[in-house]
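Descriptive structure summary
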Amino acid sequence: MSERELPRILVFDSGVGGLSVAARVHEQLPTASIVYLADNAAFPYGALSESVVVERCCRLISKALEQYPCDAIVVACNTASTVALPNLRAITDVPVVGVVPAVKPAATQTKNRRIGILATPATVRRPYLDELIREFAPDCQVERVGHPGLVQWAEDLARGVPVPQCNLDGAVRKLRDAGVDTVVLGCTHYPLLLTSLKQSLPEVKFWVDSGDAIARRVVWLLAQAGKPIEAREPSRVLGTPVAEALFTGKAPAGIASYMAGLGLQPKLVTGNWPETL
Ligand code: DGL
């Protein structure tokens, strides 16, 4: 089977956070080829207006699809998913899967009914999150933290810079004080910080992110479309799981080896993409 006959999936984020989702997609679909697109020239999306986020997502994803026709698009960014999905679905027939903070599974797991939500400053403010809490966790005490440092520390970690543990302790103090037993990782960058987060909040029992649910949804969509999704000899049919990692800004130093550590060895890494629009 040729590489293009296998499913190809575009995974999009503002930076390296979507790699946490791409890793789950690769686990569940080892023969799929992934194209990773990071709009790191505009990072962080949490600091941009909604209209700018929508415009950039639509423009860049359309451009990537011209170069790499795909069978599914994963918007692996909570900040973008809360505003850009309807516009994206209006410009392409390719199925689009978005991420939402995993409030529902958190509410089913918590034992003490105290949940922490870690997200970007933009996501914690969005009415969408209020609705999720009202619908799925009305009987829970919910503490939200939208600290701007966390996404940057995840980006730095991908370049080999250790997480500043004391700063992280301070950033999540509100959750420690509230005694939450469950934390929602409401930004795709945060699973990349999990080891350090566990050190800051050792009493938390359940860490919930959306990666596996997104991957299951992608598998379902591809199966519906009759795509070959069974795991067969991935190493023979596919040299590397990521066909290309595209960065709209400079590609982060050492990104290929960081991705390899997540099981996402890229065949090509391209910075300052696209050259023209
Ligand atoms: N990974 C993005 C998210 O899930 C990061 C957002 C940002 O760039 O601010 O929200």
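Details of the structure are given in the entry above.
The notes below deal with the structure included here. Throughout this description, residue numbers start from 1 for each chain and increase along the sequence as written. In view of the model being predicted, local features appear only for residues whose pLDDT reaches at least 70, and side-chain atom pairs are presented and counted only at 80 or more, with totals across whole chains, interfaces and linings using the full set of residues. Only hydrogens and water are set aside when side-chain values are computed; all heavy atoms of the structure are taken into account.

Here's the deal with the overall build of the protein chain
Starting at the N terminus, helices and strands are each numbered in turn, a helix being any DSSP run of H or I of at least four residues and a strand any DSSP run of E of at least two. Secondary structure summary: the protein chain contains 13 helices and 10 strands in total. Just to be clear, the radius of gyration here is over C-alpha atoms, and the globule rule we use is 2.2 Å times residues to the power 0.38. Against the compact-globule benchmark of 19 Å for 277 residues, the protein chain has a radius of gyration of 18 Å, which places it among compact chains. Once the C-alpha set of the protein chain is aligned to its principal axes, its extents read approximately 55 × 40 × 40 Å. Within the protein chain, buried positions represent 55% of all 277 residues. For every residue, the accessible area obtained with a 1.4 Å probe (protein chains only) is divided by the maximum for its type, and the residue is called buried under 20%, exposed over 50%, and partly exposed between those limits.

Concerning the sheet that holds strand E10 (residues 269-270)
In short, DSSP must find at least two bridges between two strands for them to pair. The 6 strands are arranged E4-E3-E1-E2-E9-E10 in an open sheet whose pairing can be described as parallel. The sheet is open, and its two borders are formed by strand E4 (96-98) and E10, each paired with just one other strand. Across the sheet, helix H1 (residues 18-28) is in contact with strand E1 (8-13), strand E2 (33-38) and strand E3 (72-75); its angle to E2 comes to roughly 175°. Where helix H3 (residues 78-91) meets the sheet, it contacts E3 and E4, and its direction lies at approximately 165° from that of E4. What makes two residues a contact is simply this: any of their non-hydrogen atoms within 4.5 Å. In this description, a line fitted to the C-alpha atoms serves as the axis of each element, helices being fitted only across the stretch in contact, and the angle between N-to-C directions of two axes falls anywhere from 0 to 180 degrees.

Here we look at the pattern of salt bridges
What makes a salt bridge here is a side-chain nitrogen of Lys or Arg within 4 Å of a carboxyl oxygen of Asp or Glu, nothing more. One pass over the structure, following the stated rule, counts 10 salt bridges. Across the pair Asp39 and Arg56 runs a salt bridge whose closest N-O atoms are separated by 2.6 Å. Of this pair, Asp39 sits in the loop between E2 and helix H2 (50-67) while Arg56 is found in helix H2, placing the two residues 17 residues apart along the sequence. Its relative accessible area of 0% is what places Asp39 among the buried residues. For Glu50, the salt bridge goes to Arg126, with nearest N and O atoms at 3.4 Å. Within this pair, whereas Glu50 is found in helix H2, its partner Arg126 is found in the loop between helix H5 (121-125) and helix H6 (127-136), the two being separated by 76 residues in sequence. Its relative accessible area of 44% is what places Glu50 among the partly exposed residues. Since its relative accessible area comes to 8%, Arg126 is described here as buried.

Digging into the side chain of Thr240
Inspection of the secondary structure puts Thr240 in the loop between helix H12 (234-237) and strand E9 (242-247). With a relative accessible area of 16%, Thr240 lands in the buried category. Thr240 has contacts with Gln265, Pro266 and Lys267, leaving out every residue within four places of it along the chain.

Structural notes on the site of the ligand
We call a residue near a molecule or strand whenever a single non-hydrogen atom of that residue lies within 4 Å of it. In the vicinity of the ligand, 14 residues are found, and the nearest of them are Ser14, Tyr45, Gly46, Thr79 and Thr188. The side chain of Ser14 places a nitrogen or oxygen atom 2.6 Å from an oxygen atom of the ligand. Definition of a polar contact: a pair of N or O atoms within 3.5 Å, with one able to donate and the other able to accept a hydrogen when the atoms are protein atoms, and with sequence-neighbouring residues admitted only if both atoms are side-chain atoms. Within the contact set of the ligand, an oxygen atom lies 2.8 Å away from a backbone nitrogen or oxygen of Tyr45. Summarising the interface, the protein chains cover 99% of the accessible area of the ligand, which totals 300 Å² for the free molecule. Gly falls in the polar group here, along with every residue not listed as nonpolar (Ala, Val, Leu, Ile, Met, Phe, Trp, Tyr, Cys, Pro) or charged (Asp, Glu, Lys, Arg). In terms of residue class, the shell around the ligand is made up of 6 nonpolar, 7 polar and 1 charged. Every accessible area reported is derived by Shrake-Rupley at a probe size of 1.4 Å, with residue values counting cover from the shown protein chains alone.

Points about the nonpolar core
To form a nonpolar core, buried Ala, Val, Leu, Ile, Met, Phe, Trp, Tyr and Cys residues must be joined to one another through side-chain atoms within 4.5 Å. Among the nonpolar cores identified, the biggest contains 32 residues, and Ile9, Val11, Leu19, Val74, Val218, Ile255 and Leu264 are the most heavily contacted of them. When contributions to this core are tallied by element, the ones reaching two or more residues are E1, H1, E2, E3, helix H11 (211-224), E9 and helix H13 (255-261). In this structure Val74 touches Ile9, Leu10, Val11, Phe12, Val21, Val97, Ile214 and Val218, once residues within four positions along its chain are discounted. If you look at the next biggest cluster of nonpolar residues, it comprises 29 residues, including Tyr45, Cys70, Ala80 and Val94.

Notes on the sheet that holds strand E6 (residues 141-145)
A sheet is described by the order of its strands in space; here 4 strands give the open sequence E6-E5-E7-E8, paired in parallel fashion. Only two strands of the sheet have a single neighbouring strand rather than two, namely E6 and strand E8 (206-208). This sheet shows a mean twist of 20° between the axes of neighbouring strands, independent of strand direction. Sheet analysis places strand E5 (residues 114-118) next to strand E7 (residues 182-185), joined by 4 bridges and oriented parallel. Paired with Gly116 across the strands is Val183, a residue of E7. Along the sheet, H6 makes contact with E5 and E6, crossing E6 at roughly 160°.

Functional significance is not addressed by these values, which are geometric in nature.
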